[in-house]
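# Report on the structure
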Number of protein chains: 4
Amino acid sequence: MDATELIEHVPFASHLGVEVHEAVDGRAAATLPLRAEHSSNPGGLVAHGGVTFALADTVGGAAVVSECERVAPTIDVRIDYLAPATDDLYAEATVARSGESVAVVDVDIAEDDDRSARVATARGAYKTGGDADGSPWTEGVDVEELF
Amino acid sequence: MDATELIEHVPFASHLGVEVHEAVDGRAAATLPLRAEHSSNPGGLVAHGGVTFALADTVGGAAVVSECERVAPTIDVRIDYLAPATDDLYAEATVARSGESVAVVDVDIAEDDDRSARVATARGAYKTGGDADGSPWTEGVDVEELF
Amino acid sequence: MDATELIEHVPFASHLGVEVHEAVDGRAAATLPLRAEHSSNPGGLVAHGGVTFALADTVGGAAVVSECERVAPTIDVRIDYLAPATDDLYAEATVARSGESVAVVDVDIAEDDDRSARVATARGAYKTGGDADGSPWTEGVDVEELF
Amino acid sequence: MDATELIEHVPFASHLGVEVHEAVDGRAAATLPLRAEHSSNPGGLVAHGGVTFALADTVGGAAVVSECERVAPTIDVRIDYLAPATDDLYAEATVARSGESVAVVDVDIAEDDDRSARVATARGAYKTGGDADGSPWTEGVDVEELF
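All of the points below concern the structure found in this document. (Residues numbered from 1 in each chain as written. Chains lettered and ligands numbered in written order. Predicted model: local features only at pLDDT ≥ 70, side-chain atom pairs only at ≥ 80, totals over all residues. Heavy atoms only, no water.)

## Remarks on the relation of the copies chain B and chain D
Two chain copies here: they are related by a rotation about an axis and a translation along the same axis. Mapping chain B onto chain D leaves a residual RMSD of 0.0 Å; the transformation is a rotation of 180° accompanied by 0.0 Å of translation along its axis. Between the two chains, the operation in question is that of a two-fold axis. Within chain B, the C-alpha atom positioned nearest to the axis of rotation is that of B:R78, 3.8 Å from it. Most of the interface of chain B is mirrored in chain D, where 100% of its interface residues again form contacts. (Least-squares fit on C-alpha atoms with pLDDT ≥ 70 in both. Contact = heavy atoms within 4.5 Å.)

Take a look at the structure:
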């Protein structure tokens, strides 16, 4: 199973409609359809910060997993909101550092129909060391089979 | 309308089940029920980073709004994950700096039945200056009536 | 006076040896010579995190000032260390968002003789709104003359 | 050698005048005298962001080292500036999470004569796993002897 399929099985990512289109060699791309329930405004449609963040964290994790080939829990993320997002979202992630215990990833988020104009940008650190077996992230999952 | 009610009308917060119990004088508290669709693991229940973040951003925003009494878009947030969260979440936010153009807020997140053990901690900057009228955050909303 | 000269007069930047070579239209570049007193290791030469950060904050501020043409205090910065830096540093900053109250800037830091390999990366928010007159940042300085 | 002494030997911390007064069981406290060369303003005395950051990173690292008893390189730090600092600085750090590969630490910075009013606050992740031997942080240092 590759990182793309792995993410499809994450309940919250699936619930939001995130689709990871590619996740290979430390790079990943994903989309999220902006729905009424994702809005921050009862009178209109503008992505709630948590929606944009969930896409960023998901595609960032996919990029890391595509490179380190193991479950990689998020350590921390900073997200900066650059402009309101009022349409479907597109995100790209690139691993900036891939270490034995920590990976760092850059994520840019835009509206899908204007991918060159960022609406947000994020940077996160993910744990690539230590033993994930038996943790809440892998309980009930056959990790061996995943990679 | 006070900040507590204001947040109840935010579609994504409502969709996730966030309840802001209190938002007054720069402090706010909220809960989020952990549901199967909020999980990061197809084989078990552990809060996805985006769920914890959405709660943090929502209660952080409520704390800011309770003090500055205006719509306050998120500028940026850093979240650190300290432990896996496998039960309903509780979050508290406290404004650390309240300025004319920017407010800073500290947020601690725990499981609701053990509020002293943080599962995550966040810090965000929110915009308290400039004109929010006519922005995507207030389109279709009678801002005058809100405050 | 342009942003380049402005930074030369900042005591701490000058003390560290920071030179801003360019600061125009939201972009800036600067260097810092790595000296023995900048080290994090008594037995060798590796840039202390505070040295790399000071360069990042300085060049980031210069980029913002080059665009907004006013004193712009730092709101917050995140810096990620990607590799140890053991030689003179080079940094480039690009404004990612330039708003009426807040600007966001991206900064990449490398060793000067290998500018394509980042040793650190930072992102900061700077205050571009409100009145800086009479603040500790401008006390004793003729701000009118600066811009 | 305890963490307090260890930091005294860090060239840049020593150069700035940082004194770590205590570093034990995941908590540390330090001071930094504000000198003319630390200023951000040629016409007055206000701490440059890089000075405040260097103190935060140093005391944060001391807190981590006091708990994990090994060299712990900084992974990333976010610092928020809450008020201008125009006098000697005092900082306290507390480890929020101490893991086998990553520790997270909270740092509050104030003026030394008014320790309850924060001028800045920082949060950082430090690497506590992997092998630091032979890295630029320990070159020329007898790590065995340090701990």
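Back to the write-up after that little detour.
## Brief notes about helix 3 (residues 49-68) of chain D
Residue and element names in this part refer to chain D. In this model helix 3 runs 28 Å from its N-terminal to its C-terminal C-alpha over 20 residues, within 8% of the 28 Å that 1.5 Å per residue would give. Counting buried positions along helix 3 gives 18 out of 20 residues, so the element sits mostly inside the fold. Within two residues after helix 3, E69 carries a phi angle of roughly 50°, on the positive side. (Helix = DSSP H or I, 4+ residues; strand = E, 2+ residues; numbered from the N terminus. Expected span 1.5 Å × (residues − 1). Buried < 20%, exposed > 50% of the residue type's maximum accessible area, 1.4 Å probe, protein only.)

## A word on the sheet that holds strand 1 (residues 19-24) of chain B
The strand order 1(A)-2(A)-4(A)-5(A)-6(A)-3(A)-3(B)-6(B)-5(B)-4(B)-2(B)-1(B) describes an open sheet built from twelve strands, whose pairing is antiparallel. If you trace the sheet from one side to the other, it starts and ends with strand 1 (19-24) of chain A together with strand 1 of chain B, each paired once. Taken pair by pair, the neighbouring strands of this sheet meet at an average axis angle of 15°, ignoring direction. Relative to strand 5 (residues 102-111) of chain A, strand 4 (residues 89-98) of chain A runs antiparallel, the two sharing nine bridges. Paired with A:E92 across the strands is A:D108, a residue of strand 5 of chain A. Lying over the sheet, helix 3 (residues 49-68) of chain A contacts strand 1, strand 2 (27-32), strand 3 (74-81), strand 4, strand 5 and strand 6 (114-127) of chain A together with strand 3 (74-81) of chain B, oriented at roughly 45° with respect to strand 4 of chain A. Helix 3 (residues 49-68) of chain B rests against strand 3 of chain A together with strand 1, strand 2 (27-32), strand 3, strand 4 (89-98), strand 5 (102-111) and strand 6 (114-127) of chain B of the sheet, and its axis sits at about 45° to strand 4 of chain B. (Pairing = 2+ DSSP bridges. Axes fitted to C-alpha atoms, helices over the stretch in contact; angles between N-to-C directions.)

## Re the interface of chain B and chain D
With 16 residues of chain B at the interface, the matching set in chain D holds 16 residues. Note on chain B versus chain D: buried area summed over both sides is about 1200 Å², and carbon and sulfur give 42% of it. The largest per-residue losses of area from chain B upon contact with chain D belong to B:R78, B:L82 and B:R123, which jointly make up 52% of the total buried on that side. Inspection of the region where chain B meets chain D yields four salt bridges. On the surface where chain B and chain D come into contact, there are eight residue pairs in polar contact (both at pLDDT 80 or more). When residues of the side of chain B that touches chain D are traced back to their parent elements, those giving at least two are strand 3, strand 4, strand 5 and strand 6 of chain B. The leading source of residues in the side of chain B that touches chain D is strand 6 of chain B, at six residues. Considered class by class, the residues forming the side of chain B that touches chain D number seven nonpolar, two polar and seven charged. (Buried area = accessible area lost by both parts, 1.4 Å probe. Salt bridge = Lys/Arg side-chain N within 4 Å of Asp/Glu carboxyl O. Polar contact = N/O pair within 3.5 Å; in protein donor to acceptor, adjacent residues only side chain to side chain. Nonpolar A, V, L, I, M, F, W, Y, C, P; charged D, E, K, R; others polar.)

## So, the interface of chain B and chain A
At the interface, 40 residues of chain B touch 40 residues of chain A. Taken over both partners, the interface formed by chain B and chain A buries close to 3300 Å², and the fraction arising from carbon and sulfur atoms is 64%. Summed over the shared surface of chain B and chain A, the number is two salt bridges. A:D76 is paired through a salt bridge with B:R78; the nearest N and O atoms lie 3.1 Å apart. Where chain B packs against chain A, one counts 13 residue pairs in polar contact (both at pLDDT 80 or more).

## What about the relation of the copies chain B and chain A?
After a rotation of 180° and a shift along the axis of 0.0 Å, chain B superposes on chain A with an RMSD of 0.0 Å. When the interface residues of chain B are mapped onto chain A, 100% of them again lie at the interface, so the same face is used by both copies.

## Details of the packing of helix 3 of chain A against helix 3 of chain B
The geometry of helix 3 of chain A relative to helix 3 of chain B is characterised by a closest axis approach of 8 Å and an angle of 150° between their N-to-C directions. With respect to each other, helix 3 of chain A and helix 3 of chain B are oriented roughly antiparallel. Crossing of helix 3 of chain A over helix 3 of chain B shows right-handed handedness. From helix 3 of chain A, A:G49, A:G50, A:F53, A:A54 and A:D57 reach across to helix 3 of chain B, where they touch B:G49, B:G50, B:F53, B:A54 and B:D57. (Parallel < 35°, antiparallel > 145°, perpendicular 65-115°, else oblique. Left-handed = near helix turned anticlockwise from the far one by under 90°.)

## A word on the sheet that holds strand 6 (residues 114-127) of chain D
The pairing of strands in a sheet happens through backbone hydrogen bonds and is either parallel or antiparallel. Sheet architecture is open: twelve strands sit in the order 1(C)-2(C)-4(C)-5(C)-6(C)-3(C)-3(D)-6(D)-5(D)-4(D)-2(D)-1(D), paired in antiparallel fashion. Of all strands in the sheet, those with a lone pairing partner are strand 1 (19-24) of chain C together with strand 1 (19-24) of chain D, marking the two edges. Between one strand axis and the next, the sheet turns by 15° as a mean value, whatever way the strands run. Inspection of the sheet shows strand 3 (residues 74-81) of chain C paired to strand 3 (residues 74-81) of chain D by five bridges, in the antiparallel sense. Within the sheet, the bridge partner assigned to C:D76 lies in strand 3 of chain D and is D:D80. Lying over the sheet, helix 3 (residues 49-68) of chain C contacts strand 1, strand 2 (27-32), strand 3, strand 4 (89-98), strand 5 (102-111) and strand 6 (114-127) of chain C together with strand 3 of chain D, oriented at roughly 45° with respect to strand 4 of chain C. Relative to the sheet, helix 3 of chain D contacts strand 3 of chain C together with strand 1, strand 2 (27-32), strand 3, strand 4 (89-98), strand 5 (102-111) and strand 6 of chain D, its axis offset from that of strand 4 of chain D by approximately 45°.

## Some thoughts on the pairing of strand 3 of chain A
Working note: regular strand, side chains alternate between the two faces of the sheet. Residue and element names in this part refer to chain A. With eight of eight residues buried, strand 3 is to be regarded as a mostly interior element. The pairing of strand 3 with strand 6 spans seven bridges and is antiparallel. When the sheet's bridge partners are listed, Y81 is paired in strand 6 with A120.

## Thoughts on the pattern of salt bridges
Tallied over the entire structure, the rule returns 28 salt bridges over all chains. Ionic pairing is found between C:R115 and C:D112, a salt bridge with its closest N-O pair at 3.0 Å. A network of salt bridges, in which partner residues are shared, links A:D76, B:R78, B:D80, C:R78, C:D80 and D:D76.

## With respect to the packing of aromatic side chains
The geometry of an aromatic ring pair comes down to the distance between the two centres and the angle between the two planes. Counted under the stated rule, the structure contains two aromatic pairs over all chains. Taking the centre distance of 3.9 Å and the plane angle of 0° together, the rings of A:F53 and B:F53 count as stacked. Here A:F53, found in helix 3, pairs with B:F53, found in helix 3, and the two come from separate chains. A relative accessible area of 0% means that A:F53 is categorised as buried. Positioned above the aromatic ring of B:Y90 is the side chain of B:R115, whose terminal nitrogen or guanidinium carbon lies 3.6 Å from the ring centre. (Phe/Tyr/Trp six-rings, centres within 6.5 Å; stacked < 30°, edge-to-face > 60°. Lys NZ or Arg CZ within 6 Å of the ring centre and 35° of its normal.)

## Some remarks on the side chain of D:D57
Summarising the element assignment, D:D57 is placed in helix 3. One buried charged residue, D:D57, remains without a salt bridge, the closest side chain of opposite sign being B:R78 at 10 Å. A polar atom in the side chain of D:D57 sits 2.9 Å from the side chain of D:T74. Here the side chain of D:D57 touches D:Y126 through a polar contact of 2.8 Å, side chain to side chain. (Lys, Arg positive; Asp, Glu negative; His and termini not counted.)

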